[in-house]
Amino acid sequence: MNPRILFFSLIILALTLLQSCQPAPENGQSGERFSYRGWNILSSHRENGLKTLDKAVEYGINHIELSHYQLVHDLKDFRKPENREATNFFIDAAHERGIENVYVWDHAFYPLDYYPDRFKVEAQANEDFTHHTTKFEGGLQQQLNLDDPKFWQWVYQDYDSLLDLSPNLDGIVLTFIETGSYVIYQHSEKLKTKSEKLAALVDSLGGYFIDQRGLKLTIRTFIYNQFEREIILNALKQIKRDDITVMIKMTPHDWFLTYPYQDYVTDIPFPVVIEYDCGMEYAGENLIANTFSHYFADAFRHYAQFENVVGYCARTDRFEETAAVGTPGELNLFVLSQLAQNLNKDTDSLTTAFITQTYGAEVAPLLKPAFDSALSIVLSTFYTLGTHTANHSRLNYHRKGHYQTHTTGEWFAPDDQYTWIGHDVNKRLHHYKDILNALSFPAYKTDTAGMRKDLSWVVDSAWLSPNEALTHEYYQDILTEKAYSIRLAEEALKRVEKALPLIPDTTAAQRLYHTFNRTLIVAKERRGAAQAVFGYRLWCKGPKYRTLELQRQIYDGLEETASMLEEIDNYPVHTPLGQWRWQRDRESFDIYYKAITEAGWPEVGLYEVVPRPE
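Residues numbered from 1 in each chain as written. Predicted model: local features only at pLDDT ≥ 70, side-chain atom pairs only at ≥ 80, totals over all residues. Heavy atoms only, no water.

J.: Would you mind going over the environment of R452 with me for this structure?
T.: Along the chain, R452 turns up in helix α14 (residues 449-460). As a C-alpha pair, R452 and K216 span 236 residues in sequence and 39 Å in three-dimensional space. (Helix = DSSP H or I, 4+ residues; strand = E, 2+ residues; numbered from the N terminus.)

See below:
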């Protein structure tokens, strides 16, 4: 062993351990301040779940949530034997480990057809569904009658039958938006506003869950678009109960890395828990490098400044075989747990401490720069010029949602739309006039109900041209950014390969290697696809764009993507299955290949075929 490396490694380890052993400050910024320290398990995978629970105990977690479709997304899922068995198994396993608070999810209300017709009335014709266009396309034919006491009695009895199937449960996490039947669109002569309906729902179910069943209740809310903001805030202020906790996502709408923090925490008249996604739904599901220590630490410290924030709950997987625990991405869970104990801990020191305890002190100087680069890699692989361009981590440059309902600019004021794009592009661009105008397919920029759902103010501002606005300059910016992601991924992988022989735990070493190796493969795959798809759009603009250079770039992109997909199909070790199965990236590639080389793409208004260069 190199004596110089050993010396500095021991210095780093000593400093790290010294800081980790410092007592928490006496100003209340400790585990006592953050009394709600939660993790959320989504997968029914027993081995991963038990490992996650074991690690939860080690990290001081005192609250577990069990949610989504493999466990309990709605209480009615307890009627499915496989869901019930898996959920009760984890409830008991958490209790056996001393975790006293185990909650499951519910959504109110369920789809309309779940409820007997005798509790429904003919729908009123004057409902405005503008901002829920997709879900309520075609309108409503019937509505639940919220004024009927027999309806509520039926709901309580139905819940009785469900909760009796899980007698050891401690609490409920109730989502009252993004549900099967939005309560705001149900009938009531007594409740005049959407906010009143939401508040009445929480008070009614709170009375049932807390008073009748002796359970604890957290209500989970988030804002899909700016039009929902005042409705939700007014509802929270009208809730009469004072024994609930409110959980909100770290970012508005969904887990996009370019979205700002929520700006209404102080307006919530309840204790608040911040929900984090360490399962990386939109960033690679911990199958690639998702070591975002500064991203999570900065967010935790931001929300810690608000006195009504009492803790956090972090997702730990994205279904099936995925899990953050046991991967490099466990770092994010570690950082949150450490800051919940002591806000004064330095983020870089926490990263070093995690690497040291997982892979050994000797490799910390090698691995820390690789871990630190992961966020930039993902922001230039799964994102394009600051816009998310993957479908739940899958390859997909043609999804409408990227350009209509998942736009970063939506969460900034109209006069605050310029953003800095680094990643070797180094330009200040407008979210809509520049970025969305260039990236979006022209067919997606027309004044439609889908656009108006979230972006009516953008449409009215005339920032988006219905014509193809992609230029050679923007195309080069896209390629520059993708090349940047590959360069970082290559550098990170070299560091990992250098560290491998020095890591005592060979299983952890191999998992580390494959995480960063997959990162590079995906970066190349997305670069190739972007080069082909956006190049094809330029080609379709007309004869003056159809140069031999562009023709070669398009086919080089197709070939690079095909080559990476071949590596994915023949990858030497099993890659955990989750919502994102990276082999299925081929589905989008097949669409691109056929459109570009054989048939055109009439669905998005592109009709040309690019001949193969000679």
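That was the structure; now back to the text.
J.: Explain the nonpolar core here, please?
T.: As a rule of thumb, nonpolar side chains are buried together in soluble globular proteins. If you look at the biggest cluster of nonpolar residues, it comprises 200 residues, and the most contacted ones within it are L75 and Y276. For this core, the element with the highest residue contribution is helix α16 (residues 506-539), accounting for 17 residues. For L75, the contacting residues outside a window of four places in its chain are V104, W105, D106, Y110, Y159, L162, L163, I172 and F209. By size, the runner-up hydrophobic cluster in this structure holds eight residues, among which are Y36, V173, V273 and C313. (Core = buried A, V, L, I, M, F, W, Y, C linked by side-chain atoms within 4.5 Å. Buried < 20%, exposed > 50% of the residue type's maximum accessible area, 1.4 Å probe, protein only. Contact = heavy atoms within 4.5 Å.)

J.: What am I meant to see in unusual backbone geometry here?
T.: In most cases, non-glycine residues show a negative phi, while peptide bonds are predominantly trans. Look at the link from A108 to F109: it is a cis peptide, with omega at 5°. Mapped onto the fold, F109 is located in the loop between β3 (101-107) and β4 (120-122). Phi at H253 takes a positive value of approximately 65°, unusual for a residue other than glycine. By the secondary structure assignment, H253 is in the loop between β8 (245-249) and β9 (272-277).

J.: Sorry if this is basic, but what is going on with the sheet that holds β9 here?
T.: Sheet strands line up and pair through hydrogen bonds in the backbone, either parallel or antiparallel. Here we have eight strands rolled up into a closed barrel, ordered β1-β2-β3-β6-β7-β8-β9-β10, and parallel in their pairing. Between one strand axis and the next, the sheet turns through 25° on average, direction left out of account. In the sheet, β9 pairs with strand β10 (residues 309-315) via six bridges, with the strands oriented parallel. Pairing of Y276 across the sheet is with A314, part of β10. Helix α5 (residues 194-212) rests against β3, β6 (171-175) and β7 (216-221) of the sheet, and its axis sits at about 150° to β7. (Pairing = 2+ DSSP bridges. Axes fitted to C-alpha atoms, helices over the stretch in contact; angles between N-to-C directions.)

J.: How should I be thinking about the packing of aromatic side chains in this particular structure?
T.: Aromatic rings considered in pairs are described by the distance between their centres and by the relative angle of their planes. Applying the stated criterion to the full structure yields 45 aromatic pairs. Ring geometry for Y156 versus Y208: centroids 5.3 Å apart, planes at 0°, classification stacked. Of the two residues, Y156 is situated in helix α4 (residues 149-163) and Y208 in helix α5; the sequence distance between them amounts to 52 residues. Residue Y156 is classed as buried on the basis of its relative accessible area of 14%. Consider the rings of Y592 and W601, whose centres lie 5.6 Å apart with planes at 55°: the pair is tilted. Summarising the burial analysis for this pair, Y592 and W601 share the class buried. An aromatic cluster is defined as three or more aromatic residues linked by ring pairs; in this entry it consists of F109, Y110, Y114, Y115, F119, F151, W152 and W154. The positively charged end of R46 is found above the aromatic ring belonging to F89, 4.0 Å away from the centroid. In this structure, K249 packs its charged tip against the face of F222, placed 4.4 Å from the ring centre. (Phe/Tyr/Trp six-rings, centres within 6.5 Å; stacked < 30°, edge-to-face > 60°. Lys NZ or Arg CZ within 6 Å of the ring centre and 35° of its normal.)

J.: Help me understand the packing of helix α15 (residues 472-499) against α16, please; the structure alone is not making it clear to me.
T.: The axes of two packed helices give the description: the angle between them and the distance between them. Contact geometry for α15 and α16: axes closest at 9 Å, N-to-C directions at 170°. The orientation of α15 with respect to α16, classified from their angle, is roughly antiparallel. Both α15 and α16 take part in a crossing whose hand is left-handed. Among the residues forming the contact of α15 with α16, the class breakdown is 17 nonpolar, six polar and five charged. (Parallel < 35°, antiparallel > 145°, perpendicular 65-115°, else oblique. Left-handed = near helix turned anticlockwise from the far one by under 90°. Nonpolar A, V, L, I, M, F, W, Y, C, P; charged D, E, K, R; others polar.)

J.: Can you help me understand the pattern of salt bridges in this one?
T.: Two side chains of opposite charge can pair, provided their charged atoms sit close to one another. Counting across every chain of the model gives 35 salt bridges. K51 is paired through a salt bridge with E47; the nearest N and O atoms lie 3.2 Å apart. Of this pair, K51 and E47 both sit in helix α2 (residues 46-58), four residues apart, roughly one helical turn. We classify K51 as partly exposed; its relative accessible area is 44%. (Salt bridge = Lys/Arg side-chain N within 4 Å of Asp/Glu carboxyl O.)

J.: Help me understand the pairing of β6, please; the structure alone is not making it clear to me.
T.: As a general feature of sheets, a regular strand has side chains that alternate between the two faces. A large share of β6 lies buried, amounting to five of its five residues. Judged by which residues are buried, β6 turns out to be covered on both faces: G171, V173 and T175 on one side and I172 and L174 on the other are all buried. As judged from the five bridges shared by β3 and β6, these two strands associate in the parallel manner. Residue pairing across strands places W105 opposite V173, the latter belonging to β6. Pairing of β6 with β7, which is carried by five bridges, proceeds in the parallel orientation. Residue pairing for β7: G171 is matched across the bridge by K216. Between the parallel elements β6 and β7, the chain passes through α5 in a crossover that is right-handed. (Right-handed = clockwise from strand over helix to strand, strands pointing away.)

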